[in-house]
Structure formats: C-alpha cells, structure tokens
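Now for the letters of each chain:
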Amino acid sequence: MEKGNYGYFDDKLNEYVITSPKTPTPWINYLGGGDYGGIVSNTGGGYSFDRDPRYKRILRYRYNSIPEDQPGRYIYIRDNDNQEYWSATWQPVKAAYDHYQCRHGLGYTTISHIRSEIASELTYFVPLDKKIELWWLKLRNQSQRVRHISLFSYAEFCFFDAAKDQQNVDWVQQIQQGSFENGCIFWNAFMKTWEYIFFTASIAPHSFDTSRDQFIGKYRDLANPQAVETGQCGNSIAHRGNGVGSFCHQFELAPGAEIELVYALGTSPDKNETPAMIQSLIAPASVKNLFLQLKNYWNDYLASFQVETPDTCLNLMLNTWNPYQCKTTFNWSRFVSLYQLGIDRGMGLRDSAQDILGIVHAIPVKARELLLKLIHCQFKDGHTYHLFYPLTGEGTMGEAQGGKYNWYSDDHLWLIEAVVSYLKETGDFSLLTEKVTFAESNQPATVLCHLEQSILFTKRHLGPHGIPLNGFADWNDPLNLDRGKGKAESVWTGMFFCRALNLMAELAAYLGKKAVAKGYQKLYAKIQSAINQYGWDGDWYLQAFDDEGLKVGSKTSIEEQIFLNPQSWAVLSGVADPLRAKTALKKAVELLDTDFGLVMLFPAYKEFRDDRGGISTYPPGAKENAGIFTHTNPWFIIAELLSGNNDDAYRHYSKIIPIYKNAIADRHEVEPYVYCQNILGKEHPQYGLGRNSWLTGTASWAYVAGTQYLLGIRPHYDGLWIEPHIPSDWKEFKVERYFRGIKLTISCSRSYPSGIYLNGVLLESANLVPFQKLNKETPNFIEVGISE
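In short, a report on the structure. (Residues numbered from 1 in each chain as written. Predicted model: local features only at pLDDT ≥ 70, side-chain atom pairs only at ≥ 80, totals over all residues. Heavy atoms only, no water.)

Some details on the sheet that holds strand S26 (residues 544-545)
Here is step 1: Strand order in the open sheet formed by three strands is S25-S26-S27, with antiparallel pairing between adjacent strands. Only two strands of the sheet have a single neighbouring strand rather than two, namely strand S25 (489-490) and strand S27 (551-552).
Here is step 2: As judged from the two bridges shared by S26 and S27, these two strands associate in the antiparallel manner. Considered in S27, the bridge of Phe545 is made with Lys551. (Pairing = 2+ DSSP bridges. Helix = DSSP H or I, 4+ residues; strand = E, 2+ residues; numbered from the N terminus.)

So this is what it looks like as structure tokens:
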C-alpha cells in the first residue's frame, strides 16, 4: 500500500504510522470505549472527559488557537548535564529530533522519539471498564555514558462544565483548588459537589506543581516552562486559578539502562481511597496486562465481520478502520472532536440512530441500551428531541427555533430504521414490548408503540401536496424553508417516510398483524403517488417545496437545480419506477459527480438567501452548499447497487475511501484512515480539502453499503439474506461473520453453481440462509454462486 508524505498503514498491527509531526492538521485518535475517554493527536494534543464532554470535562483544550493543537498530555525530558530539554511528543517544545513516530492503534496511541541518544516511547490508553487513562512511558539511554535526566508531566485541568470553564472565568477561577496528598494531585471545586480529578504516577516524584502559573512562569508558554528550565517543580498548591498535574522525576541512567514510568489521570468520588485503588493498576506489569486486554478486545470486536476481496484497500477499511470509526461514532455521535467541541451540541438523536447500523452486529447489547435512550427522547405526539446529553439526559431541539415548527421532519423516523436493524440482526423481539417513558412525562409505552407514534406524527404533518412538511429542516439541516407559513414540504422526507412505512409493514406482517401491514402499505401508496405526481421534475426528483409552494431542486432554477439525496432515496424507498430511477441516477452522476465523490447539490447558492436559510451561509462548494458531504455518498452507492449498476457503484465507493487520500494528504489534509464529514466541492477554490473527520454518519453508511449491499450480506428476520452486487472484474470474495452468536464462513464465487449451499446442501431459497438451519456447535460453510 502506497506510503504517503506523512505516514503509512501497518495492517499487521492494525495501526496507522505517522512519520512526521507536522501533519497538515492534527491527526487524532480516540481513547476509551464510550464512558471515560479522550482525544489524542499525533503530537500529544487533545483532551479528556468522563462520559459527557460538556458536563464532565477533565482536561482543557484551546480550540482553533495559536499555537495549534494545545494543550495536551505532555512529558518534558530534560538533560540535567547540559540543561537541554524537549518533549516526548515533539509538541509543545518542538525541538529538533533524531527520530519521531506516532502509531495510532485501536484505542491507543504510541509516540516514540529520540534526541541526544535518549529514546522515549509513550503510550496513551484507557483500560477496559476503567474511569482512568494511563500514560505509559519507557525511557532508554542509548548512549555510552551515564545520563542525568529529569521528567516533567503536564496535564491542564478543566472545570467539569466545559462551557463555564470558557465563559464564566471569574467564578470558575475563584472556586477551583488543588492539593497534593499521598502521592496524588487532586483538583476540585471548593464546594466539593463534584468528583475529584486526580493525577498520580507509579514512582514517587521529586517535586510537583498544581498551579499552572507556577509551573509555566510569567510571560512564558508551554514551549519554555519555568519549572523545566530550572530543573524542578516548586511544590505549588493552587488555591485558585488554573490547575495542572505536573510531577518532576529525576533519574540517573547508566548506558543502555531503561526505566518505565506510568501516569494515571481520572476522576474519583473519594480522594482518600484513590491512591491505594490506583497504585495496583499502574505498576508496569499490571499496565502491560491491561494493554493486552485492550488489544484482545479489539481483535474480538473486529472478528465479528472479516472480508477477503480482490481490493486490498477495501479489505483494510472493512476489516479495521471502518468498524473502528463506527464504534467511535457510536460512542460519541457528533458530540466531541476537534471540530465539534463537546460543549453545546450534545449527542444527535438521528446521528446516534444511524450509528447503531454500523455496530449492531458486533455489540448488540450496547446497541439495545442506546436504542432505549433514544426512544426515551420521543414526545407523546411522536416527534423527538434533536440532541441529548448522555450524563444528564437533558434534551434540546438543537437549532430548530423560529418559524412555525421547532422540529426536524426526519428525526423520529430514524428510530424505525435503527430498531428494525437491531431486530433483524439479533432476532430479539422482546425489545418491542419493552416499555419506555416519553420525554415530557412518566407515561410509558412499548417500543412498538413508540415506532407507531413516529409514523403517526409524519402522517399528521403532511403539506399541500400530500408530502411531509419540512419542519425546521429535514436531514439536510441548514436547508431551512419555513418562513412562518408552515407550508414547506420535503420530498426527501416523503421518500424516507415511505422507507419507514415499508419497514413497518414488513415488521407488522412478520408479527402476524396483516391488517396493520395493509394500512402501512396503503399509506405508502398514497405518499408514493404524491411524490411521483408533484415531486418529479422531468429528469430527476425535487428536494422540496418552499414556504411559498415553489420548487426546490428544479431544472427551472438558476441555482439549486438538483439535489443528490432525493435521487438516491427514490431508489432506497422504492418510490421510483425503474425508468425514473435510471434517469435520476444518470442525471445525478452527470451533474454532481467529482473526483472525490458526489456533491450535495448543483449549482451552488452564490449569495445568502433568506428563503433558504443556513445552507446559503456557506460559500459555493462548502459543506451542504454543493460540497461533497460524504455521508450522502453511500446512499447513492446503495441506490446504484440496487439498480444493478455495480461497476458504477464500486467506482463511487472507491472515490470516498480515505485510504486513497494518503497519497494526496497535503491536498486533503485530514486523516487518511477515517472518513471525514465533508470535502470542498468543485465550485470551491480549495476543491478536495477535507474537514470534520471521524464523527460522521459516513462511517456507518459506508460500512452498510460495503458489507450489506456490495458484498450483499444482510441480516433478515429469518436469517441472512445474501445477494452480492460485486464489480464485473471480481471473480470471488470471502467473509467470516458471526450471526446471532454463530460463526459463518461465506464464500461467493462466479465459478460456483447458482444457488446457496449450506455445508454442501443446496438451500430452497436463492438468497436466504435460514437461521434455524445453522449449526450452533459445528462450523457453518456457505457457498454462493454469483450469476450476475
């Protein structure tokens, strides 16, 4: 695999290796499994939080600042013989080095560094099921002389409420205090109403500081701290102001000698119990075992679905980096990154519902837990919160304010998509009878009732054309068409509603509720008819009707002539007949396709339009205003696959795979190992530039597109549905997958006879492998003949 200017993939160790600290943007990784966690960059920048980055922040971070990507988790190394010092992570000192390497792995990051024949290796990780993070440092004297070395740690504490930490400095600075007790630095507010932040080390320090001012000194910065220059900390106790966790350790290292030092950062309700509790975890032998447990967890997680195709880049994405990113988006939705700051956004309901699609096969129990939280965000009339905070459970409508409606027209419908995905993957129909209270009351209702309310809400909010009202917006958040009349309709939401109706009809039929199923089918036909009567523009489907009843996404317009999403979802919903589907997909490619994916719309808005709202605040080619919003591309890929356009779909898929951006990192800028949310489109001067990496629905939908539609292995109520849509130059592929606890080895080949064979026996169905026929005790080998 091609090595880029800044790094390469080590597929044997499941790591991306960064070879220069000067990446175009900070290239980050996530620590933790969804409870205690954090972000760490390739130079040690980033921050930490416990369950909720808004209300339980641990480390402070200065966003969009100069110097960039600071502060972070730092260790300064000082040569006491000549007073030179540097950083184990390059930042923040930025001294010259003889060797630098950062390895981002699954749930950990290791940064190695050599200067003046002193080698350091620093690994950050959060142990499984622990509310702490560990900094595991190995330091080795590679010279032929005795060295006298001092180490200084730096962790800058944040007030638990991250918004107040930035916005109410007077109060926050007055109430926070530090202490040093039993080898631990503690940080808390004077009232002691929050847990303690603690910082400790596996070896007793020579000295310490809890005051940032004392550690840094006046008119200095992180590149030249006073304590490091003088060679020791000042044992400062911060009675107010800004707190830090800094320990000074001093060592004499013989030639070839190596020491290990482990730092621990976390939260605790009782500082008296903390030292004893932590010391047993941070002995080097214990840390090594905890790190091995973390690696084993990820090996088991990835084993739930492994592929072997002719495309090595696709294999690497589907086997490692795509499922890893899916788990990260499941953990944090769109809440906390270097772009979403973990302060005012919260977890997105529609986002989290889609994130479930990418992890339900691997961690169904966790998926179920999140589903119940999302369902609790629904109101009795059927609409839902747009955002919620995981620690407090507080929900908000996000930006949906002003106009006649304060809801998004699609949020509540994503509950159906997520629940059905869970049911088909697990066969756990007990979820449907689980009772969950509504957001505004203690009144419980079954999960099935909640899904029915989602349908009823949209049914009760149809517009003049019989198409669902747009509300504040549909999935395309900044397309805000409501100007007080409340008449704007979303053709796309109509399509998504039709998909939800199909899913509900299928579920009702499976449950034996034939009359209910027919009711959903009847409503589907009504909405489908309205969309095809009013939403077809001759060569493609409209996006919407605005509050004046005018078309949005029509060839009669000067700008906004065509939107991508309606063309994709016309197929995903089944609304379009084959001829219209073919026409709409073809026109979408002609007008929207680029070297890096399809743009959201074309032509872009050239100036702000009050009747279109937020979408026109972006310049042409940026984000939703004709940018490449990568989340939408897998939907189009699925539509192409369902329409039999396998080669075209594969070509579109290859354009968005981030691995291929490794060769053009200076143009793309963001990490080449995960999907980003958006890439600047063809109408922008910086076309090809990526932003908003990591937390994007692209992750789950690219995974679904690759595993369930390209490879064609989809869960079904009765088993697995296998219907590959591979490119014409592929002869075969293999998959190992666990389904409801049973391991399956699936081989698909053009050389096999048509049909599906289970352990050598031809099955009745051409596509379905019934769950009842799978053997729980012995291996299950499935062979599929590909005839297309």
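And the narrative resumes.
Some thoughts on unusual backbone geometry
Leave glycine aside and you will find that most residues have negative phi; peptide bonds, for their part, are mostly trans.
Here is step 1: In this chain, Gln70 is followed by Pro71 through a cis amide linkage whose omega measures -10 degrees.
Here is step 2: As for its position among the elements, Pro71 is in the loop between strand S5 (46-50) and strand S6 (74-79).
Here is step 3: Following Phe602, the chain continues to Pro603 via a peptide bond in cis, the omega torsion being -15 degrees.
Here is step 4: Backbone geometry at Lys94 places phi at a positive 65 degrees, although glycine is not the residue there.
Here is step 5: Judged by its relative accessible area of 35%, Lys94 falls in the partly exposed class.
Here is step 6: In the Ramachandran plot, Glu117 falls in the positive-phi region, its phi being about 65 degrees despite a non-glycine side chain. (Buried < 20%, exposed > 50% of the residue type's maximum accessible area, 1.4 Å probe, protein only.)

Observations concerning the packing of aromatic side chains
Here is step 1: This model, assessed by the stated rule, comprises 63 aromatic pairs.
Here is step 2: Between Phe180 and Phe247 the ring centres are 6.3 Å apart and the planes differ by 65 degrees, which places this aromatic pair in the edge-to-face class. A residue pair is termed long-range when its members are at least 10 positions apart, and Phe180 in strand S13 (residues 176-181) and Phe247 in strand S17 (residues 243-253) qualify at 67 residues.
Here is step 3: Of the residues examined, Phe180 reaches a relative accessible area of 28% and is grouped as partly exposed. (Phe/Tyr/Trp six-rings, centres within 6.5 Å; stacked < 30°, edge-to-face > 60°.)

Here we look at the state of the cysteines
Here is step 1: A complete count under the given rule lists zero disulfides for this structure.
Here is step 2: Left without a disulfide partner, Cys233 is nearest to the cysteine sulfur of Cys248, which lies 5.3 Å away.
Here is step 3: On the basis of relative accessible area, Cys233 is assigned to the buried category, the value being 5%. (Disulfide = S-S within 2.5 Å.)

Considering the side chain of Thr320
Here is step 1: Following the sequence through the fold, Thr320 ends up in helix H7 (residues 312-332).
Here is step 2: Thr320 sits in the buried class, given a relative accessible area of 5%.
Here is step 3: In terms of polar contacts, Thr320 uses its side chain to reach the side chain of Asn14, at 3.4 Å.
Here is step 4: Setting aside residues no more than four positions away along its own chain, Thr320 makes contact with Asn14, Leu106, Leu302 and Asn315. (Polar contact = N/O pair within 3.5 Å; in protein donor to acceptor, adjacent residues only side chain to side chain. Contact = heavy atoms within 4.5 Å.)

Remarks on helix H16 (residues 632-642)
Here is step 1: Burial of H16 is extensive: 10 of the 11 residues sit out of reach of the surface.
Here is step 2: Of all the residues in H16, the buried ones are Thr632, Asn633, Pro634, Trp635, Phe636, Ile637, Ile638, Ala639, Glu640 and Leu641.
Here is step 3: Two residues or fewer after H16 comes Gly644, characterised by a positive phi angle close to 85 degrees.

A closer look at empty space enclosed by the protein
Here is step 1: Counted under the stated rule, the structure contains five cavities of 30 Å³ or more.
Here is step 2: Volume-wise, the largest cavity comes out at about 80 Å³.
Here is step 3: Phe305, Leu357, Val360, His361, Ser421, Glu425, Tyr703, Thr707, Gln708, Ile713, Pro715 and Arg737 together form the lining of the largest cavity.
Here is step 4: Of all the secondary-structure elements, those providing two or more residues to the lining of the largest cavity are helix H10 (414-426), helix H19 (698-710) and strand S35 (713-716).
Here is step 5: Looking at which element gives the most residues to the lining of the largest cavity, the answer is H19, with three residues.
Here is step 6: By residue class, the composition of the lining of the largest cavity is six nonpolar, four polar and two charged.
Here is step 7: The calculated volume of the second largest cavity comes to roughly 60 Å³.
Here is step 8: Looking at which element gives the most residues to the lining of the second largest cavity, the answer is strand S14 (residues 184-189), with three residues. (1 Å grid on protein atoms, 1.4 Å probe; cavity = no way out; pocket = protein on both sides within 12 Å on 5 of 7 lines; lining within 4 Å. Points joined across faces, edges and corners; volume = space filled by probe spheres on them. Nonpolar A, V, L, I, M, F, W, Y, C, P; charged D, E, K, R; others polar.)

Quick look at the pattern of salt bridges
Here is step 1: Scanning the model with the defined rule gives 47 salt bridges in all.
Here is step 2: Residue Asp351 is joined to Arg334 by a salt bridge in which the shortest nitrogen-to-oxygen separation is 3.9 Å. Here Asp351 is found in helix H8 (residues 349-356), whereas its partner Arg334 is found in the loop between H7 and strand S20 (347-348), with 17 residues between them in sequence.
Here is step 3: Given the relative accessible area of 10%, Asp351 is considered buried.
Here is step 4: Look at Arg334 and you get buried, because its relative accessible area is 4%.
Here is step 5: With a closest N to O distance of 3.2 Å, Asp411 and Arg350 form a salt bridge. Residue Asp411 is located in the loop between strand S22 (395-396) and H10, and its partner Arg350 is located in helix H8; the two are separated by 61 residues in the primary sequence. (Salt bridge = Lys/Arg side-chain N within 4 Å of Asp/Glu carboxyl O.)

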